[in-house]
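# Observations on the three-dimensional arrangement
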Amino acid sequence: ERIPLYHRVGGLMVTLTRVDAMRVHQANWSTLALQAHPDFTQDKPLSVSRMIYCRENAQNKGCTTPTRVTMNTTIESAKQGRVRFGFENTNEESMMSFVARLHFKTGQNLTDAFIIGPDLSKTGARARILTPMTPRDDDYLSFFPFGGVGTRPAPGAGVIAEVEIPKGAHIAEMLVSLN
């Protein structure tokens, strides 16, 4: 039998933050989710890029220029790693905001997150840690992948850290504990 794979270690997928429309052209494309699965097993830094071609609609006016999102993963030490998202877009009017969802292996966790804005100022970023579902949860049997922002991880999985990245950010950087 074949089992469909939704991701791979070191991979990056761009999805809607939530499914709130039945048609693609009706969806809210102003904020997108970066579903990241960082790989801290490589001896060398890992880089993954995605081009996002935006759709102009009622929620995303003036969206014409694509945005390149690059995720770089590096190991700082035996106990700490770093995930860095870079955003390249020549037209600031069409920039989107993002929510980075870092899917960690069991034992890994987020220790710090910060954003570097358009003026190159560095600010702390608020992160939300989502723990895996357990059999004690009412919705334990209703887990479905790609449930959107705020969706808890599957039973037995590692935690997910969600970091909001505002419109116009150039860099978002997260420090990861590799226990």
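Scroll up for the structure.
These lines cover the structure that appears in this document, whether it is placed above or below.

Calculation notes
Residues numbered from 1 in each chain as written. Predicted model: local features only at pLDDT ≥ 70, side-chain atom pairs only at ≥ 80, totals over all residues. Heavy atoms only, no water. Pairing = 2+ DSSP bridges. Helix = DSSP H or I, 4+ residues; strand = E, 2+ residues; numbered from the N terminus. Axes fitted to C-alpha atoms, helices over the stretch in contact; angles between N-to-C directions. Buried < 20%, exposed > 50% of the residue type's maximum accessible area, 1.4 Å probe, protein only. Contact = heavy atoms within 4.5 Å. Salt bridge = Lys/Arg side-chain N within 4 Å of Asp/Glu carboxyl O.

### What to know about the sheet that holds strand 10 (residues 160-165)
Strand order across the open sheet formed by five strands is 1-2-6-10-9, with mixed pairing between neighbours. The sheet is open, and its two edges are formed by strand 1 (12-16) and strand 9 (127-130), each paired on a single side. Put simply, the sheet's adjacent strands are angled 25° from each other on average, direction ignored. Pairing of strand 1 with strand 2 (residues 31-36), which is carried by five bridges, proceeds in the antiparallel orientation. Along strand 2, the bridge assignment pairs T15 with A33.

### Here's the deal with the environment of K122
As for its position among the elements, K122 is in strand 8 (residues 122-124). Its relative accessible area of 57% is what places K122 among the exposed residues. Each C-alpha atom of the pair K122 and A172 lies 9.4 Å from the other, and the pair is 50 residues apart in sequence. Apart from the residues lying within four places of it in its own chain, the contact partners of K122 are F114, I115 and I116.

### What to know about the environment of D112
Relative to the helices and strands, D112 resides in strand 7 (residues 108-116). The class for D112 is partly exposed, based on a relative accessible area of 37%. For the pair D112 and V176, spaced 64 residues apart in sequence, the C-alpha to C-alpha distance is 7.2 Å. In this view, D112 contacts E173, M174 and L175; residues no more than four positions away in its chain are not counted.

### Focus: the sheet that holds strand 11 (residues 171-178)
The antiparallel open sheet is built from six strands, whose spatial order is 3-4-5-11-7-8. The open sheet has two edge strands with one neighbour each: strand 3 (46-52) and strand 8. Along the sheet, successive strands turn relative to each other by an average axial angle of 20°, direction set aside. Both strand 7 and strand 11 contribute to a ladder of eight bridges, which runs antiparallel. Pairing of N109 across the sheet is with S177, part of strand 11.

### What about the pairing of strand 10?
Among the six residues of strand 10, five are classified as buried, and the element is accordingly described as predominantly covered. Examined bridge by bridge, strand 6 (residues 97-103) and strand 10 share six bridges and lie antiparallel to one another. Looking at the pairing, V99 lines up with E164 of strand 10.

### Things to note about the pattern of salt bridges
All chains considered together, the criterion is met by six salt bridges. A salt bridge links R101 to E162, with the nearest nitrogen and oxygen atoms 2.3 Å apart. Here R101 is found in strand 6, whereas its partner E162 is found in strand 10, with 61 residues between them in sequence. The shortest N-O distance in the salt bridge between E162 and R128 comes to 2.8 Å. Residue E162 is found in strand 10, and its partner R128 is found in strand 9; the two are separated by 34 residues along the sequence.

By themselves these figures say nothing about function.
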